[in-house]
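Coordinate analysis (summary)
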Amino acid sequence: MSGGKERVRHANIAVFVPHLGCPQQCSFCEQNTITGMAPSLPPRPEDVLSAARTGAGTCQDPGNTELAFFGGSFTAIDRAYMLSLLKAAQQAVERYGFRGVRCSTRPDAIDQEVLAVLKAHRVTAVELGAQSMDDGVLAANRRGHRAKETVRAAGLIREAGLELGLQMMTGLYTDTPEKTRETASRLIALGPETVRIYPTVVLSGTELARLHQAGQYAPQTIDQAVELCAELLELFEEAGVRVIRMGLHPGPELEAKRLAGPYHPAFRQLAESRRFLRSLAGKLGKPGACRVAVNPRDISTALGQGRENVKRLEKMGYQVDFLQDASVAQGEFRLEG
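Not measured: the values here are computed from a predicted model.

With respect to the packing of aromatic side chains
Both the distance between ring centres and the angle between the ring planes are used here to describe each pair of aromatic rings. Evaluated as defined, the whole model comprises 5 aromatic pairs. Measuring from ring centre to ring centre gives 5.7 Å for Tyr96 and Phe98, while their planes differ by 40°; the resulting arrangement is tilted. On the numbers, 5.5 Å between centres and 70° between planes, the contact of Phe276 with Phe333 is edge-to-face. Here Phe276 is found in helix α11 (residues 267-281), whereas its partner Phe333 is found in strand β12 (residues 333-336), with 57 residues between them in sequence. Here a set of aromatic residues connected by ring pairs shows up, and it is made of Phe276, Phe322 and Phe333.

Below you can see the structure in the form of structure tokens.
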């Protein structure tokens, strides 16, 4: 009986290009905090080479490691500057045997010409910050593009033979769980290889902070976000889309500027545990005592953080004894007796 799927390992050597090239100030955005990085000067080509050299010394599988430009809208930055970073990245890929280069950008900063430039410099994957596929939600959060731009850009990326990654958010201003599920379905239809899911967190200095303080915006609770993201995780993985990130990166900047919202440093683990609980609860019979065998690597997911799954099952009338059994495939569970 399935309780989830084993994740494919994916490694990035990240180079942050802080809020360069982006024409918008989205309602939720405080870029240094979102990336988990302290304010810094834009990276130079020599910084890219230095990060690559350091990463090459610690990564276990260079062939499954990408040098990644995150933080801003990479394809919208000054072209000469972008090319200088790409040339350094290409040099690093060829020197250290990395899989390639990954970058993130806005849907309205993609066209055939820029994709040709990226491919010429060993870029293998492009991630689009879609955030939502509802035009009303996009407008309310000052994204500056519509869903059709995401559809168009995704098609161009796939036609160029590059790996498509998509990023979405939950709990945005004016968003609803129904709209979020529809966003996930529409993103799946675009055929991405990877996705990142970010529950919206209210950060000081943002438009969302103003709306929240004025009583016009209520963020998701941590339980609401975990429940919805567990559902999304299942939807994407059933469709063969790898979820490579859930929740914001922890860091001192985030801790200092977070005002409200569903942040947890191990958010993905919470979602994985909730998904396991949903799957298990659907297979249990009459309330009472039972035993469930899981792979030893899955025991923390099965129990839940702070034994949360055990407590929830008890409220449902089940006294579950979780057993560790290496013969159970990772990501699966087996009801005993």
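Here we look at the packing of helix α3 (residues 79-96) against helix α4 (residues 112-120)
Between α3 and α4, the shortest axis-to-axis distance is 9 Å and the interhelical angle comes to 30°. The angle between the axes of α3 and α4 places the two elements in the roughly parallel class. Residues Arg79, Met82, Leu83, Leu86 and Gln90 of α3 form the contact with α4, whose participating residues are Glu113, Val114, Val117, Leu118 and Ala120.

Details of unusual backbone geometry
Phi is positive for Arg122, close to 70°, though the residue is something other than glycine. Residue position: Arg122 is located in the loop between α4 and β4 (123-131). Relative accessible area serves as the criterion here: at 34%, Arg122 is assigned to the partly exposed category.

Focus: the confidence of the model for the protein chain
Across the protein chain, the average pLDDT comes to 92, with 92% of residues at or above 70. Residue range residues 1-8 is modelled with pLDDT below 50. Its contacts to residues more than four positions away, or to other chains, number 26 contacts. Long-range and interchain partners of residues 33-39, a stretch whose pLDDT sits below 50, account for 18 contacts in this model, where long-range means more than four residues apart.

Section: the sheet that holds strand β2 (residues 65-70)
Reading across from one edge, β1-β2-β3-β4-β5-β6-β8 is the order of the 7 strands in this open sheet, with parallel pairing throughout. Of all strands in the sheet, those bounded by a partner on one side alone are β1 (11-16) and β8 (242-246). Taking the axes of each pair of neighbouring strands and ignoring which way they run, one obtains an average angle of 25° across the sheet. With 4 bridges connecting them, β2 and strand β3 (residues 100-105) associate as parallel partners. Bridge pairing links Leu67 to Val101 in β3. Helix-sheet contacts for α3 involve β2, β3 and β4, and the interaxial angle to β2 is about 170°.

Cut-offs applied
- Residues numbered from 1 in each chain as written.
- Predicted model: local features only at pLDDT ≥ 70, side-chain atom pairs only at ≥ 80, totals over all residues.
- Heavy atoms only, no water.
- Phe/Tyr/Trp six-rings, centres within 6.5 Å; stacked < 30°, edge-to-face > 60°.
- Helix = DSSP H or I, 4+ residues; strand = E, 2+ residues; numbered from the N terminus.
- Axes fitted to C-alpha atoms, helices over the stretch in contact; angles between N-to-C directions.
- Parallel < 35°, antiparallel > 145°, perpendicular 65-115°, else oblique.
- Contact = heavy atoms within 4.5 Å.
- Buried < 20%, exposed > 50% of the residue type's maximum accessible area, 1.4 Å probe, protein only.
- pLDDT = per-residue confidence, 0-100.
- Pairing = 2+ DSSP bridges.

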